[in-house]
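One letter stands for each residue in the lines below.
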Amino acid sequence: MTGRETSDWPQAAATAATTPGGPLIATEDEDLLDDLLRLCAAAGAMPEVCHGTPAQRGTWDRASLVLAGGDCAGRLAALPHREDVVLVGREPADPDLWRRAVLVGARNVALLPDEEGWLVDRIADSVEAADKPALTVGVIGGRGGAGASTLACALAIGAARTGRRTMLVDADPLGGGLDVLLGAERVDGLRWPAFAGSRGRMAGRALEEVLPEPHGLRLLSWDRGDCEVPPEAVRAVLAAARRRGGVVVVDLPRGTDGSAVEVLRQLDLGLLVVPSELRAVAAAHRVALAIGLMMGDLRLVVRGPCGPGLDGEEIARLLDLPLAGEVPREPGLAAALIAGRPPGGAERGPLAAFCAEFWNRALPEGPEVPA
């Protein structure tokens, strides 16, 4: 039961997930209590604390996880056995600790400090609400200016419109920032540089709650600085986003450096956006070759208008990719963006219609009610 080091991301994120039924800490060891409070903060969980035996039986029953100090095992043994009890001790291990774990009904023993990483993961798991990971869709342009960022924003807005928990992630540091495209550059919330030092496991709820929330979705974008976010931080953030369930849409960079590879590995589905132009098809062929081996499911989206002899089916044949659909030109899109209206914001527009049909096929189980 070992784990990686916990994330060192901002304290605002670490303390954001304060939901009822969080972890319960039971110990009279002040040093152990300090350590467990620190680990709960790193996992994005707000615990209840009792010294010895919980004063109310409901506290014991409703906790998502019980972190019991070895010093309290004898008193807790009188309570009804329940799932999700971890008995916490210190290295070197007390030979009697496992016997006390049996008394209290604990299925796991965590020895600090060696197993802090595992315990942070266990705490984070206990406060996550999603039954299954988010459907994660990446959008990439076959050439510069193909309209991938526009489609990514429209897809995210379309998913949010259905009532699903939705997060839009800007994974292209050279793209100028999706917050600008959404007219949300002044909306409060953290951007990518705030997570540059993150490592290991993050709590998805805590991540979600510190991000900007324009147009009914959560947005992780770049600011206007020049901060680099290393691959391990990208991995931690994307994994946390996926654990929350719903939908994650990622605007992908047209490169294959370490951070881009980390994003590609977490996608369920990729969409390659290609304008209906011969040179764009030639450029897209190289992009598809570069990323195709790292993606299990890469599909084509053709951006119209389509010329004679170069429609969606023909481009799909040339690129040897399944066709996800054709997006016709949307009149007034440029003017709408200048006015601060997001792509896909007009429900009756061609872009919104394409996104609605895409989600109807990709998410046939019906709308989700976010927790």
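Higher on the page you've got the structure.
An account of the accompanying structure is given in this report.

What counts, and at which threshold
Residues numbered from 1 in each chain as written. Predicted model: local features only at pLDDT ≥ 70, side-chain atom pairs only at ≥ 80, totals over all residues. Heavy atoms only, no water. Helix = DSSP H or I, 4+ residues; strand = E, 2+ residues; numbered from the N terminus. Buried < 20%, exposed > 50% of the residue type's maximum accessible area, 1.4 Å probe, protein only. Contact = heavy atoms within 4.5 Å. Areas by Shrake-Rupley, 256 points an atom, 1.4 Å probe, with all protein chains shown as cover. Lys, Arg positive; Asp, Glu negative; His and termini not counted. Charge placed at Lys NZ, Arg CZ, Asp CG, Glu CD. Salt bridge = Lys/Arg side-chain N within 4 Å of Asp/Glu carboxyl O. 1 Å grid on protein atoms, 1.4 Å probe; cavity = no way out; pocket = protein on both sides within 12 Å on 5 of 7 lines; lining within 4 Å. Points joined across faces, edges and corners; volume = space filled by probe spheres on them. Nonpolar A, V, L, I, M, F, W, Y, C, P; charged D, E, K, R; others polar. Pairing = 2+ DSSP bridges. Right-handed = clockwise from strand over helix to strand, strands pointing away. Arc of directions from axis to C-beta. Axes fitted to C-alpha atoms, helices over the stretch in contact; angles between N-to-C directions. Parallel < 35°, antiparallel > 145°, perpendicular 65-115°, else oblique. Left-handed = near helix turned anticlockwise from the far one by under 90°.

## Overview of the overall build of the protein chain
Link 1 in the chain: Helix and strand content of the protein chain: 15 helices and twelve strands.
Link 2 in the chain: If you line up the protein chain on its principal axes, its C-alpha atoms span 80 × 40 × 35 Å.
Link 3 in the chain: Counting every position in the protein chain, which comprises 371 residues, the buried fraction comes to 53%.
Link 4 in the chain: In the protein chain, 72% of the contacts between residues at least 6 apart in sequence involve partners at least 24 apart.
Link 5 in the chain: Put simply, the protein chain shows about 16400 Å² of open surface, and 52% of that area lies on carbon and sulfur atoms.
Link 6 in the chain: Separation of charge centres in the protein chain, based on 38 positive and 51 negative side chains, amounts to 5 Å.

## Considerations on the side chain of Asp 172
Link 1 in the chain: By secondary structure assignment, the location of Asp 172 is in the loop between β7 (166-170) and α8 (178-181).
Link 2 in the chain: Although Asp 172 is buried, it forms no salt bridge, and the closest oppositely charged side chain is Arg 254 at an N-O distance of 8.0 Å.
Link 3 in the chain: Once you skip the residues sitting within four places of it in the chain, Asp 172 turns out to touch Trp 222, Asp 251, Leu 252 and Pro 253.

## Quick word on the layout of surface pockets
Link 1 in the chain: Considering only enclosed or pocket space, the largest pocket measures out at about 490 Å³ in volume.
Link 2 in the chain: Along the wall of the largest pocket there are 26 residues; nearest its centre are Ala 171, Asp 172, Pro 173, Leu 174 and Trp 222.
Link 3 in the chain: The leading source of residues in the lining of the largest pocket is helix α11 (residues 258-265), at three residues.
Link 4 in the chain: Class assignment of the residues belonging to the lining of the largest pocket gives a composition of twelve nonpolar, six polar and eight charged.

## Considering the pattern of salt bridges
Link 1 in the chain: What the rule picks out here adds up to 21 salt bridges.
Link 2 in the chain: Notably, a salt bridge pairs Glu 208 with Arg 244, separated by 3.1 Å at the nearest N-O pair. Here Glu 208 is found in helix α9 (residues 204-209), whereas its partner Arg 244 is found in the loop between α10 (231-243) and β9 (247-251), with 36 residues between them in sequence. Taken as a pair, Glu 208 and Arg 244 share a single burial class, namely buried.

## Overview of the pairing of strand β5 (residues 108-112)
Link 1 in the chain: Most of β5 sits out of view: four of its five residues are buried.
Link 2 in the chain: Across five bridges, the pairing between strand β4 (residues 85-90) and β5 is parallel. Note on β5: the bridge partner recorded for Val 86 is Asn 108.
Link 3 in the chain: A crossover connection joins β4 to the parallel β5 through helix α5 (residues 97-104); in handedness this β-α-β unit is right-handed.

## Side note on helix α13 (residues 312-319)
Link 1 in the chain: Those residues of α13 not exposed but buried are Gly 312, Ile 315, Ala 316 and Leu 319. All buried residues of α13 fall inside an arc of 100 degrees around its axis, so they share one side. Exposed residues pointing more than 90 degrees away from the buried face of α13 are listed as Glu 313 and Arg 317.
Link 2 in the chain: Here the buried face of α13 lies against β10 (269-275), α12 (278-292), β11 (298-303) and β12 (323-327).

## Describing the packing of α12 against α13
Link 1 in the chain: It is at 10 Å that the axes of α12 and α13 come closest, and there the two elements cross at 40 degrees. As far as their axial angle goes, α13 and α12 are oblique. As α12 runs across α13, the sense of the crossing is right-handed. Every residue of α13 that contacts α12 at Val 281, Ala 284 and His 285 is listed here: Ile 315, Leu 318 and Leu 319.
Link 2 in the chain: Of the residues assigned to the contact of α12 with α13, the class counts are five nonpolar, one polar and no charged.

## What to know about the sheet that holds β7
Link 1 in the chain: Taking strand neighbours across the sheet as the criterion, the seven strands line up as β8-β7-β9-β6-β10-β11-β12 in an open arrangement whose pairing is parallel. In this open sheet, the two edge strands, each paired with only one partner strand, are β8 (218-220) and β12. Averaged over neighbouring strand pairs, the angle between their axes works out to 20 degrees when direction is ignored.
Link 2 in the chain: Relative to β10, strand β6 (residues 135-141) runs parallel, the two being bridged by five bridges. Bridging from a neighbouring strand, Gly 141 pairs with Val 273 of β10.
Link 3 in the chain: Contacting β6, β7, β8 and β9, α10 crosses the sheet at an angle of about 150 degrees to β9.
Link 4 in the chain: Seen against the sheet, α13 touches β10, β11 and β12 and runs at an angle of roughly 140 degrees to β11.

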